[in-house]
Number of protein chains: 2
Amino acid sequence: MQLELFSVGTELLLGEIVDTNAAYLADKLSQLGINCFYKTTVGDNIARLAGALDIALRRADGVLTTGGLGPTQDDITAAAIAQVTELPLEEDPASVEHIRRIALQRQRDRGSAAQSAEASRTAAGERMKGLLKQARLPRGATPIPNPVGTAPGFILRTPYRGGDPKTIISLPGPPGEMKPMFEQTVAPYLAERVAEEGPAVLVSHHLRFADIGESQIETELRDLITTQGNPTIAPLAKPAEVHLRLAARAATREEAERLIAPVEAEIRNRLGAHLYGVDSDTLETVVGRLLRQTGRTLAVAESCTGGLIGHRLTNVPGSSEYLLASLVTYGNRAKQDLLGVTAETLSAHGAVSEETAGAMAEGVRRVCGADLGLSVTGIAGPGGATPEKPVGLTYLGLAHAGGTVVERRRLRGDRSMIKERAAQLALYLLYRHLKGLPGVES
Amino acid sequence: MQLELFSVGTELLLGEIVDTNAAYLADKLSQLGINCFYKTTVGDNIARLAGALDIALRRADGVLTTGGLGPTQDDITAAAIAQVTELPLEEDPASVEHIRRIALQRQRDRGSAAQSAEASRTAAGERMKGLLKQARLPRGATPIPNPVGTAPGFILRTPYRGGDPKTIISLPGPPGEMKPMFEQTVAPYLAERVAEEGPAVLVSHHLRFADIGESQIETELRDLITTQGNPTIAPLAKPAEVHLRLAARAATREEAERLIAPVEAEIRNRLGAHLYGVDSDTLETVVGRLLRQTGRTLAVAESCTGGLIGHRLTNVPGSSEYLLASLVTYGNRAKQDLLGVTAETLSAHGAVSEETAGAMAEGVRRVCGADLGLSVTGIAGPGGATPEKPVGLTYLGLAHAGGTVVERRRLRGDRSMIKERAAQLALYLLYRHLKGLPGVES
């Protein structure tokens, strides 16, 4: 089965928002074993959207659109689909009911606002007219319930231009609405359709690496990459790490996994310490798991990363079990007052130094009563550099019951990239400690 | 002038990376006054890319592609363009020279790696073969220098299928290479081409709002939106804020600005306090400017936001001038030990309460010796909620020389959305204080 993705919205063509829906859906389709060869973005223009849909419906088995299902006049996806399939738009009673219920609830939420009853009624009436437009679906379409917002999606299966039947799936654009609708309704529907077509699944795994570049990985795995077949092997450079995608096609998931296993084992063997996780793992979820398993607590002292390490660690639900605190000691005085870094250390070696990084890690461990103290201090730029201490110079420290290790790094990139890389390397230092891997000085 | 955007790469169709290039380029084209009606993503497949390019070159004045210019066999953009334009690929001597120079430099950077001289020479030779493939450009193309990496881009202007000349611009995919190449070479080239076509510029401004929803903005501005002409008015919902785009077309930039000014003034008049900035402003840059102007210092105490406020504040270069520290006191003990929140406050009211938020703001202000103390405490979920304290309940505190204010909010969304919204509202509370706007209890 082959579907094309459509993202509808002038805001996407003006670059006002990044299209994260497309990446999310492409990933999901790939996991379902559905091929996606083209992804098209079109603005809020019926004629252009209908024209692009026509091209897609001629070359693929169907389309999946996001966006353009809202209440305003700009929202033209349902109308364009009706036009290209030559079907009328008809009001779906269940969707009308759902929209009325949500609108009422929102009105109650707003109840306390200081508005005259009459003005409130007029505004509500206008709003309702727009909302009800969303209940008009192409004839024969099955509505997709929206558990969060008012706009329903729909699935339409209809013969196209007198030829084979094509599948048209439309979802609203806001990711908070689109994702649950895809997961609850569209994914099961597509899985069933794929199953009808016969046995062919694509299984892919992402191996995630820290502190190693794409070109070094390619060099270490050159023979495997050159002779790749099934599974395929593809390195992917991410902002502060590299992924390796292993993807196998087979009749069943089990068979695909059997094809991947020996290749993954060989890669693990060659690049071991750098391979910290697979698929949805992140360094913060992996170190979180290790901290929880060993019952240890962590405190962090951040300087140049400015809170990013704490932010990443606390993105993991339940992180309050092991993360006691992260102190962003941005100024020198905060380093002294909060972490007990001495004025002598700061004046003799500077805030960005091996000595300060070590004292920060030890200080935050002591002050917070944590098992482990992690620290970062560096020059994120663009200001603050000297000939001896260039932009990107970063020290990472880890204090534990047995002592303190400090690593020195020279990071490249702009301010935000240096912050990201420094946070990544600090978490990687913690990871190696928790795994009992040897420290690397570089 | 009308260009279509192409993003090339199977990783995009598999959803492995989010296409941020497309948003960046769409924004830049729009600023240049170039229309972009379609954006297409195609995988690493010559036939499909050539087919899609053909469709685009028939309906637009040209295309701008990113991706697929690298050294591996997967990189097929130049070949697909050569195929569709029926031009041969030829080696560009300047690009060969550039690639050799960069490769040599990288080899020196790697000098210290423990590898035998012979193995190193063989690997380098293999690498060089791939790199030199990047110097092969369609005949007649002008190379675009790459200041960061090895792959040159190119600009090609050629009659298409015996018809009008079309413009084909190709850039590499990594944003760190693509962006400087676009800015240094492509933007000036396109600006000149647009100028040749005659006077027509599109000027757009984004007004940025905090703590107000899209539907409320639409209701307040309904008359302006319904009767919009030149400029157009479009509300855009972002993760934790709303933007309003005002875009005017005119013969000159000045004239376009004159069309926008009165509309912007009227909107400012109606929605004043919520409109915190324009265009590239963010709450962190705006509060940073206000803190610097008034010579005040800030310390932050974060709980549920986990470091995100510190991260955002320190994304601003020079933030060390006013940000003393941000203490992520995730556990209760950290709140007591580091901020001096009393055990009585915590046990009587809980960590997520008006009293704790106030004590955190006052504590961090006192401990860090700052002029202003900002605090957040809330329940980001999914765990930690009780019937009285649901997920999303958040208190924001601000302590200053004249006293302490605390606001209570109920935020919606998942864990990461609640963190984002809480950080945004905390910065907005600080913003209102710095601007002398009245506090809002809700």
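Provided above is the structure to which this section pertains.
Residues numbered from 1 in each chain as written. Chains lettered and ligands numbered in written order. Predicted model: local features only at pLDDT ≥ 70, side-chain atom pairs only at ≥ 80, totals over all residues. Heavy atoms only, no water.

**Here we look at the pattern of salt bridges**
Two side chains of opposite charge can pair, provided their charged atoms sit close to one another. Within the structure shown, the criterion is met by 34 salt bridges over all chains. With a shortest N-O distance of 3.5 Å, Arg161 of chain A and Asp54 of chain A are connected by a salt bridge. In this pair, Arg161 of chain A is assigned in the loop between β7 (153-159) and β8 (165-171) and Asp54 of chain A in helix α3 (residues 46-59), connecting sequence segments 107 residues apart. Since its relative accessible area comes to 47%, Arg161 of chain A is described here as partly exposed. Among the salt bridges present, the one from Arg409 of chain B reaches Asp211 of chain B, with a minimum N-O distance of 2.8 Å. Separated by 198 residues along the polypeptide, Arg409 of chain B in strand β17 (residues 403-410) and Asp211 of chain B in the loop between β9 (201-209) and α8 (214-220) bring together distant segments of the chain. (Salt bridge = Lys/Arg side-chain N within 4 Å of Asp/Glu carboxyl O. Helix = DSSP H or I, 4+ residues; strand = E, 2+ residues; numbered from the N terminus. Buried < 20%, exposed > 50% of the residue type's maximum accessible area, 1.4 Å probe, protein only.)

**Looking at the sheet that holds strand β12 (residues 275-278) of chain B**
Residue and element names in this part refer to chain B. Taking strand neighbours across the sheet as the criterion, the four strands line up as β10-β11-β9-β12 in an open arrangement whose pairing is antiparallel. Of all strands in the sheet, those with a lone pairing partner are β10 (232-237) and β12, marking the two edges. Across this sheet, the average inter-strand angle for adjacent strands is 25°, counted without regard to direction. (Pairing = 2+ DSSP bridges. Axes fitted to C-alpha atoms, helices over the stretch in contact; angles between N-to-C directions.)

**Some words on the packing of helix α13 (residues 332-339) of chain A against helix α15 (residues 354-368) of chain A**
Residues and elements named next belong to chain A. Running from N to C, α13 and α15 point in directions that differ by 40°, and their axes come no closer than 9 Å. Between α13 and α15, the angle is such that the two are oblique. Touching Lys335, Leu338 and Leu339 of α13 are Thr356, Ala359, Met360, Gly363, Val364, Arg366 and Val367, all from α15. Grouping the constituent residues of the contact of α13 with α15 by class yields six nonpolar, two polar and two charged. (Parallel < 35°, antiparallel > 145°, perpendicular 65-115°, else oblique. Contact = heavy atoms within 4.5 Å. Nonpolar A, V, L, I, M, F, W, Y, C, P; charged D, E, K, R; others polar.)

**Some thoughts on empty space enclosed by the protein**
For the coordinates displayed, the defined rule picks out two cavities of 30 Å³ or more. Looking at the largest cavity, its volume works out to about 110 Å³. Put simply, the parts of the chain that give the lining of the largest cavity at least two residues each are β1 (3-8) and α3 of chain A together with β1 (3-8) and α3 (46-59) of chain B. Here the lining of the largest cavity is composed, by residue class, of eight nonpolar, two polar and four charged. Within this model, the second largest cavity holds a volume of roughly 40 Å³. What lines the second largest cavity is simply Asp19, Ala22, Ala23 and Lys39 of chain A together with Leu12, Ile17, Val18 and Asp19 of chain B. Its residues placed into classes, the lining of the second largest cavity shows five nonpolar, no polar and three charged. (1 Å grid on protein atoms, 1.4 Å probe; cavity = no way out; pocket = protein on both sides within 12 Å on 5 of 7 lines; lining within 4 Å. Points joined across faces, edges and corners; volume = space filled by probe spheres on them.)

**Side note on the relation of the copies chain B and chain A**
When chain B is fitted to chain A, the best match, at an RMSD of 0.2 Å, comes from turning it 180° and sliding it 0.1 Å along the axis. Both copies of the chain, as the preceding transformation shows, are related through a two-fold rotation axis. The share of interface residues of chain B whose copies in chain A are also at the interface is 100%, consistent with both copies meeting through the same surface. (Least-squares fit on C-alpha atoms with pLDDT ≥ 70 in both.)

**Regarding the environment of Leu271 of chain A**
Residue and element names in this part refer to chain A. Structurally, Leu271 is set in helix α10 (residues 253-271). Between the C-alpha atoms of Leu271 and Glu220, which are 51 residues apart in sequence, the distance is 8.0 Å. Setting aside anything within four residues of it in sequence, one finds Leu271 in contact with Phe209, Ile212, Ile217, Glu220 and Leu221.

**Let's talk about the interface of chain B and chain A**
At the junction of the two partners, chain B supplies 72 residues and chain A supplies 72 residues. Interface area, chain B with chain A, both sides summed: about 5,800 Å², of which 55% is carbon and sulfur. Contact with chain A buries area across many residues of chain B, yet Glu16, Lys39 and Tyr330 of chain B alone supply 10% of it, more than any other trio. Between chain B and chain A we count zero salt bridges in total. Top contributing element to the side of chain B that touches chain A by residue count: strand β14 (residues 323-329) of chain B, with seven residues. The pairing of strand β14 (residues 323-329) of chain A with β14 of chain B spans five bridges and is classified as antiparallel. Following the sheet pairing, Ala325 of chain A is matched in β14 of chain B by Thr329 of chain B. (Buried area = accessible area lost by both parts, 1.4 Å probe.)

**Section: α15 of chain A**
Between its terminal C-alpha atoms α15 of chain A stretches 21 Å, which fits the 21 Å expected from 15 residues at 1.5 Å a residue. Taken residue by residue, α15 of chain A has Thr356, Ala357, Gly358, Ala359, Met360, Ala361, Gly363, Val364 and Cys368 of chain A as its buried positions. (Expected span 1.5 Å × (residues − 1).)

**Some points on the packing of aromatic side chains**
All names here are of chain A. Tallied over the full model, the rule gives six aromatic pairs over all chains. Considering the side-chain rings of Tyr276 and Tyr431, the 6.3 Å spacing of their centres and the 75° angle between planes classify their relative orientation as edge-to-face. On the criterion of sequence distance, the pair formed by Tyr276 in strand β12 (residues 275-278) and Tyr431 in helix α16 (residues 415-435) is long-range, its members being 155 residues apart. An angle of 15° between the planes, with centres 6.0 Å apart, marks the rings of Tyr428 and Tyr431 as stacked. (Phe/Tyr/Trp six-rings, centres within 6.5 Å; stacked < 30°, edge-to-face > 60°.)

**Focus: the sheet that holds strand β13 (residues 298-302) of chain A**
Taken in spatial order, the 10 strands line up as β17(A)-β16(A)-β15(A)-β13(A)-β14(A)-β14(B)-β13(B)-β15(B)-β16(B)-β17(B) in an open sheet, and their pairing is mixed. Of all the strands in the sheet, just β17 (403-410) of chain A together with β17 of chain B have a single pairing partner and so form its edges. Shown here is a sheet whose adjacent strand axes are inclined to one another by a mean of 10°, direction ignored. Bridge count between strand β13 (residues 298-302) of chain B and strand β15 (residues 372-378) of chain B: five bridges; the pairing is parallel. In the sheet register, Ala299 of chain B faces β15 of chain B, and the bridge partner there is Gly373 of chain B. On the sheet, helix α15 (residues 354-368) of chain B packs against β13, β14, β15, β16 (393-400) and β17 of chain B and is oriented at approximately 145° with respect to β15 of chain B. The strands touched by helix α16 (residues 415-435) of chain B within the sheet are β13, β15, β16 and β17 of chain B, with β16 of chain B carrying the most contacts at an inclination of about 30°.

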